[in-house]
Amino acid sequence: MAFYRALVLFVVDVVLLLEFCFAEDPSAFYNFEVSYITASPLGVPQQVIAVNGKFPGPTINVTTNNNVVVNVRNKLDESLLMHWSGVQQRRSSWQDGVLGTNCPIPPKWNWTYQFQVKDQIGSFFYFPSLHFQRASGGYGSFIINNRAIIPIPFATPDGDITILIGDWYTRNHTALRKALDAGKDLGMPDGVVINGKGPYQYNTTLVPDGIDYETIEVHPGKTYRLRVHNVGISTSLNFRIQNHNLLLAETEGSYTVQQNYTSLDIHVGQSYSFLVTMDQNASSDYYIVASARFVNESQWKRVTGVAILRYTNSKGKAHGPLPDAPNDEFDKTFSMNQARSIRWNVSASGARPNPQGSFRYGSINVTEVYVLKNKPPEMIGGKRRATLSGISYVNPSTPIRLADQFRLKGVYKLNFPTTPLTEAPRMETSVINGTYRGFMEVILQNNDTKMHTYHLNGYAFFVVGMDYGDWTENSRGTYNKWDGIARTTTQVYPGAWTAVLVSLDNVGVWNLRTENLDSWYLGQETYVRIINPEATNKTELPIPDNALFCGALSHMQKPQDISAARIITGNGSKLLFALLMIITAMVSPFC
């Protein structure tokens, strides 16, 4: 009987495949089993989160306009949501993988995401968005390639390399979460990992013997595209490769003006593509370094992330001191000026044949303005909480988008303030009421003592200005209204502001948050709700057939047939998946 259930599920998958195929755009299928494994990134055995038994997880590699189907099997002991950071779910916040739109996938359950990467290109990543789980891993790269008919604005690289960097604790996410729940700071991370591995032994005092480190092998004279993502918790990292230039080419879906850097600051949640030519001699290997920024060096005393770049004809091990980080202890504008130097390549085509700069964002009238201010965590109602404009967000038991669909009242409030509260801070499910096809200006003011990065789901925004001090109306005179970079995550320096502009053309409920995982967990987020007053499937897809229900709608959730799911993800999965791939190959020429 279980076999027939599995066969039915397989037939459903085939039907979906054919449906997607004959909708003209090809499909890409992925099967994710999310589970715990034991690993020792910094030499200490600990529990990490793996995808298909690997940490980091496999790369999702698709092409513009592909339909992406990711079947997720939750083998953790707690609920799970997978979030596709920076991937703009056009017309479908139902698939976004955050609590404002989706009910969590219960332990031992199976759930399938289905979405289209419509009119997108670039370098992104995915991660588990609940329960501080990203601190234990579960992340991986998400690449969207140009269609063959759309040229890229540089010679085709000889290879594509993914590098995931991030700060790391030897405590797992549940221990870190308990510390935050108890009102404590997490303290300094224990080090930095690269592709889930610890550092090469660049220092025998700091780095013990036996740590597994990342080695990237390259061919001399070749040029590679390095996609670098900061998937960490809260630490900005400076990325550099010994004796090699980094030619910046793309960031989070936008091609940049190509400029050489000896190193670049990559803040939490940010992604960059560099073109690196292997033009050095092969007398030795070379260091790849990711080191902490904006920390007190005398107190840090933690291991730096170090991997090895190895030419195929290398004659020896890397040696000597690590390449220097920026020496700007007394020049706080260095990093900001570097960030300002990143510009949009307005002559390059993106996902479509028209140039990126054909969208003249600087000539569009702003329809709504929000000044969002963050401060260090504070006590609200006896709990240590983080705030945005004086509001610490509380996730409702019923997701916002689900509440809208079924017209539930009292789940949230459309009262997020346009300017910071002057009264006492409060905990509330307060949401921004965005205007469909409006043009919003958001000023992010960082009154904390540490760096923050902010991310908006469902959109790329234009970073038009940043400076130290408080933003004022006169600050608009400094805005870049021509080639400010369009991206999904921007940094806001301590005691400074960053201004972004965003065209609200994507209907749905979209998360606006700090990427600093501790502050996000403590409530520094909100949602932007964008509704088309004319109900039509052209601007938002209907609720998916497999939608999960929770909170006030729990009674609508049917039990999952675990036996059938187990057949699909157990020993029989290889056969069924192989059959599915064969059928994919058979019908692909007709797509």
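Provided above is the structure to which this section pertains.
Residues numbered from 1 in each chain as written. Predicted model: local features only at pLDDT ≥ 70, side-chain atom pairs only at ≥ 80, totals over all residues. Heavy atoms only, no water.

Caption draft 1: Up close: the overall build of the protein chain. Scanning the protein chain from N- to C-terminus turns up eight helices and 33 strands. Against the globule reference of 25 Å for 591 residues, the protein chain gives a C-alpha radius of gyration of 23 Å, in line with a compact fold. With the C-alpha coordinates aligned to their principal axes, the bounding extent of the protein chain is approximately 65 × 60 × 50 Å. In the protein chain, which comprises 591 residues, the share counted as buried stands at 58%. Restricting the contact set of the protein chain to residue pairs at least 6 apart, pairs at least 24 apart contribute 78%. The positive charge centre, built from 51 side chains, and the negative charge centre, built from 48, are 4 Å apart in the protein chain. (Helix = DSSP H or I, 4+ residues; strand = E, 2+ residues; numbered from the N terminus. Rg over C-alpha atoms; globule rule 2.2 N^0.38 Å. Buried < 20%, exposed > 50% of the residue type's maximum accessible area, 1.4 Å probe, protein only. Contact = heavy atoms within 4.5 Å. Lys, Arg positive; Asp, Glu negative; His and termini not counted. Charge placed at Lys NZ, Arg CZ, Asp CG, Glu CD.)

Caption draft 2: Up close: the nonpolar core. Core analysis: the largest hydrophobic core is formed by 78 residues, its most contacted members being I163, L226, F239, F274 and L309. Discounting chain neighbours no more than four positions away, the residues touching F239 are I163, L226, V228, L246, S263, L264, I266, F274, I288 and V289. Core analysis: the second largest hydrophobic core is formed by 37 residues, F32, V34, M82 and W84 among them. (Core = buried A, V, L, I, M, F, W, Y, C linked by side-chain atoms within 4.5 Å.)

Caption draft 3: The arrangement of the sheet that holds strand β29 (residues 486–487) in detail. Pairing within the open sheet is mixed, and its five strands lie in the order β20-β26-β31-β28-β29. Of all the strands in the sheet, the pair left with one neighbour each is β20 (368–374) and β29. Bridge count for strand β28 (residues 461–468) against β29 is two bridges, and the pairing is antiparallel. Note on β29: the bridge partner recorded for F461 is R487. (Pairing = 2+ DSSP bridges.)

Caption draft 4: Quick peek at the sheet that holds strand β1 (residues 27–39). Read from one edge of the open sheet, four strands run β2-β1-β4-β6, paired in mixed fashion. Looking at the sheet topology across the chains shown, the edges are occupied by β2 (46–51) and β6 (110–116). Each strand axis lies, on average, 20° off the axis of its neighbour in the sheet, ignoring direction. Examined bridge by bridge, β1 and strand β4 (residues 67–74) share eight bridges and lie parallel to one another. In the sheet register, F32 faces β4, and the bridge partner there is V72. (Axes fitted to C-alpha atoms, helices over the stretch in contact; angles between N-to-C directions.)

Caption draft 5: Looking closely at helix α2 (residues 173–181). Burial in α2 covers these residues: H173, L176, R177, A179 and L180. Projected down its long axis, α2 carries its buried residues within an arc of 155°, all on one side. Along α2, the residues that are exposed and aim more than 90 degrees away from the buried face are K178 and D181. Positioned one or two residues after α2, G183 has a phi angle of 85°, which is positive. (Arc of directions from axis to C-beta.)

Honestly, it's all geometry; don't read function into it.
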